[in-house]
Amino acid sequence: MRLDNHPTVQRVRNAPPRAKIGPLDAKWLKELAKKHGAGDAGLVEIDRPALAHEVDEIRKVFPQTRTLLSVCGRMNVEPVRSPIRSVANQEFHSVYDEINEVARAIVTELSAMGIPACNAVAAFPMEAQLPARTWNVAHKPIAVEAGLGKMGVHRSVIHPVFGSFILLDTILIGVEADAYDAPLDYNPCLECKLCVAACPVGALKPDGAFDFMSCFTHNYREFLGNFNDFVSATVESKDMKSFRDRFSEGETTSMWQSLSFKPGYKAAYCLAVCPAGEDVINPFLEDRPGYVKQVVKPLQDKEETLYVLPGSDAEGFAKSRYPHKDVKRVRRSYTTKSVAAFLRQLPLAFQRGKAKGMDVTYHWTFSGSEEVQATITISGGKLTVLPGHEGEPDVRIAADSNTWLRVLNREYSMINAIVLRKIRVKGSMDLFRAFGRCFPG
Ligand code: B12
Ligand code: SF4
């Protein structure tokens, strides 16, 4: 049959022509979001310069995107603050489900009106196999541009009224709107640093720096990559005793609970203790020591297991700051698949406590299957990774890329690689070892 003769084609062609859609009424769009249950909503145009670095990722989800509708779901404060974390986790997961439903309802209504729209996922993203990052749409920078809040010291977005007790989602719309929102002109974060005081593994630093690896190792013990540690313990253990050294009976049961129901965050104390936001701040303003005693202390006093990488900043921090908590060493849970990934992961794994006093430039030259040059500088507690060779190095490292990856992934010994000259270090071996200490596990 010719396309022109197909009944669907004939019916659609004979229907009255559809009116051209857009630009959409911004006020109406935000009210639509609230009607479907969003706590708040804001709009950003796709070509906002502050989001330029995100556009390619957003377009992978929905290429026609013209407008970003940022929405938040509101969490109840007290459950998030409960020292019993299953209670807090239930609140997180319920609101993730809720905000996904809200986004879906908005998309359904827009689609029915002929407005193309697509909801990006709100809960932990399911793209774990992507090489660079596991999420496409980064909700935080969009929410900031949409005026929904600003990032606080704890690096989550704080809403001016609801405070830190929000979860985010974004609806990608294929039509322009007639007005867009601007970022807030102040930051609701009070800089009280209670989030820093509450984090059990010291992942948040007073100057706003964030130790991704320490948060990921502890808080996400039963998520994503850390599940690989459970699998490797199962495969590698020669008997039940050696398995239980790595996973106690309680931990195995807890892993089962995470897999059967929804994964349990081990902490999220940074959000729990945050007093910011007009609806939240009163108890903090009225009696600050009383607030700390009631909200922060129970989380600090809680007896629990803290998961750390051997030799990490978190290990030293947790042992000295929380002697009453059990500090358990666990293994790094992911493998590094390429030299490019190694260089990308360095800032996430960097332990600045281990870099104290260092002022060193390393020139790396990888050969073999990946030919890459990089300059890595560790100075003033900061790490910089640049492509190519820049400046004068203190240490030169030349490595066969496959061998380097096998050493990183604990499949081959560093000493063998050096003896067989597959890895060559020119300069101080002490400085080379100091480099390794900055990336434990
Ligand atoms: C990656 C991620 C994480 C990572 C990194 C955290 C981070 N600060 O970005 C980990 C796993 C540690 C994490 C933890 C948590 N997260 Co989270 N997370 C995300 C995710 C998927 C993307 C974050 C993002 O856009 N970062 C980009 C920039 C803006 O963030 P940044 O802080 O400047 O930079 C960090 C990241 O870029 C990260 N990074 C850079 N490259 C790479 C590569 C990889 C592979 C990874 C994993 C990370 C990473 O390292 C940087 C330094 O920390 C979003 C969901 C989404 N699709 O947007 C949720 C999200 C940010 N998380 C959220 C929440 C609630 C949490 C937790 C409280 C979970 C919990 N219940 O314990 C903790 C809080 C930790 C903290 N203090 O930040 C909420 C925040 C809501 C809000 N009010 O802002 C979001 C928006 C999810 C949602 N739909 O609501 N999260
Ligand atoms: S706890 Fe205090 S410092 Fe931390 S994000 Fe909230 S207001 Fe800012």
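Refer to the structure printed above.
Residues numbered from 1 in each chain as written. Chains lettered and ligands numbered in written order. Predicted model: local features only at pLDDT ≥ 70, side-chain atom pairs only at ≥ 80, totals over all residues. Heavy atoms only, no water.

Looking now at the sheet that holds strand E13 (residues 423–427). With respect to topology, five strands assemble into an open sheet ordered E11-E10-E9-E12-E13, the strand pairing being mixed. The strands lining the two open edges of the sheet, one partner per strand, are strand E11 (382–387) and E13. The mean inter-strand angle of the sheet, taken between neighbouring strand axes irrespective of direction, is 15°. With eight bridges connecting them, strand E9 (residues 359–367) and strand E10 (residues 372–379) associate as antiparallel partners. (Pairing = 2+ DSSP bridges. Helix = DSSP H or I, 4+ residues; strand = E, 2+ residues; numbered from the N terminus. Axes fitted to C-alpha atoms, helices over the stretch in contact; angles between N-to-C directions.)

Below, the discussion takes up unusual backbone geometry. Of note, the phi angle at Lys193 is positive, near 65°, even though the residue is not glycine. Here Lys193 lies in the loop between strand E6 (166–173) and helix H7 (194–198). According to the relative accessible area criterion, Lys193 is partly exposed, its value standing at 32%. (Buried < 20%, exposed > 50% of the residue type's maximum accessible area, 1.4 Å probe, protein only.)

Surveying the vicinity of ligand 2 reveals the residues Val153, His154, Ile158, Cys189, Leu190, Glu191, Cys192, Lys193, Cys195, Cys274, Pro275 and Ala276. Grouping the constituent residues of the shell around ligand 2 by class yields nine nonpolar, one polar and two charged. Summarising the domain contributions, the shell around ligand 2 has at least three residues from each of domain 1 (19–173) and domain 2 (194–329). (Near = heavy atom within 4 Å. Nonpolar A, V, L, I, M, F, W, Y, C, P; charged D, E, K, R; others polar. Domains from an automatic or database assignment.)

Turning our attention to the packing of helix H2 (residues 26–35) against helix H5 (residues 85–112). Helices that pack against each other are described as a pair by the angle of their axes relative to one another and the distance between those axes. Interhelical geometry of H2 versus H5 gives an angle of 130° and a closest axis separation of 9 Å. Our classification of the angle between H2 and H5 gives oblique. Viewed along their axes, H2 and H5 form a crossing whose handedness is right-handed. Touching Trp28, Leu29, Leu32, Ala33 and Lys35 of H2 are Val102, Ile106, Glu109 and Leu110, all from H5. Grouping the amino acids of the contact of H2 with H5 by side-chain chemistry returns seven nonpolar, no polar and two charged. (Parallel < 35°, antiparallel > 145°, perpendicular 65-115°, else oblique. Left-handed = near helix turned anticlockwise from the far one by under 90°. Contact = heavy atoms within 4.5 Å.)

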